[in-house]
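Commentary on secondary and tertiary structure
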Amino acid sequence: QQEAVVSTQSTGEAIFSYKKTKCPDSNLTVSISMTAENKAVQRGTSVTFAAVSDDYLDDVYFLWYISDNTTFSGYGDEARNFTYTFTKSATYVVTLTANNGAGPVVAMDTIQVDDPITSLVLQYEPVDPAVGEGMIFIVTTDDTSSKIDVSSSGLFI
């Protein structure tokens, strides 16, 4: 896109020049990346969210919204990344609206925030396994909202 700039000299002659401006890209695409592995963290953890795009983002307005009514906004690099500390356990929706002047695009993602595990007990059966005998591990915790993967099994020599 070009914008005409007209100036008049003292002789009355008009001089035309053109100033190049960035044309808003109506095909802007954006997605969200986050520092939370598997999109899950413990309460009290800070997570950095980032707008990811192959498009030019310096002139883009970003509006971040977290489903606990937290918002953060700004232009370009100042708002492209957003760090937030989750203080309550819940499943949160993170919404990023990016607008480059040609219209907004929206990206959404979720993050699970759980209470920290305060008690973890590991038991195994049989208590005194024989060489080559399989064992079963039993993990219990006082936190019913946490997810623990105990799918490992094997023989001990």
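Up top you'll find the structure we're talking about.
Every value quoted in this text rests on a predicted model; they were computed, and no experiment measured them. (Residues numbered from 1 in each chain as written. Predicted model: local features only at pLDDT ≥ 70, side-chain atom pairs only at ≥ 80, totals over all residues. Heavy atoms only, no water.)

Tallied over the full model, the rule gives three salt bridges. In this structure, the salt-bridge partner of Asp109 is Lys39, at a minimum N-O distance of 2.9 Å. A residue pair is termed long-range when its members are at least 10 positions apart, and Asp109 in strand E10 (residues 104-114) and Lys39 in the loop between strand E3 (31-34) and strand E4 (40-42) qualify at 70 residues. Among the residues examined, Asp109 registers a relative accessible area of 16% and is labelled buried. Here Asp115 makes a salt bridge to Arg43, at a shortest N to O gap of 2.7 Å. Highlighted residues: Asp115 in the loop between E10 and strand E11 (120-125) and Arg43 in the loop between E4 and strand E5 (46-52), separated in sequence by 72 residues. What makes Asp115 partly exposed here is its relative accessible area of 30%. (Salt bridge = Lys/Arg side-chain N within 4 Å of Asp/Glu carboxyl O. Helix = DSSP H or I, 4+ residues; strand = E, 2+ residues; numbered from the N terminus. Buried < 20%, exposed > 50% of the residue type's maximum accessible area, 1.4 Å probe, protein only.)

The mixed open sheet is built from five strands, whose spatial order is E4-E10-E9-E6-E7. Only two strands of the sheet have a single neighbouring strand rather than two, namely E4 and strand E7 (70-75). Each neighbouring strand pair of the sheet contributes to a mean axis angle of 20°, computed without reference to strand direction. Pairing of strand E6 (residues 61-66) with strand E9 (residues 90-99) involves six bridges; the strand directions are antiparallel. Across the sheet, the residue bridging to Phe62 is Ala98, located in E9. (Pairing = 2+ DSSP bridges. Axes fitted to C-alpha atoms, helices over the stretch in contact; angles between N-to-C directions.)

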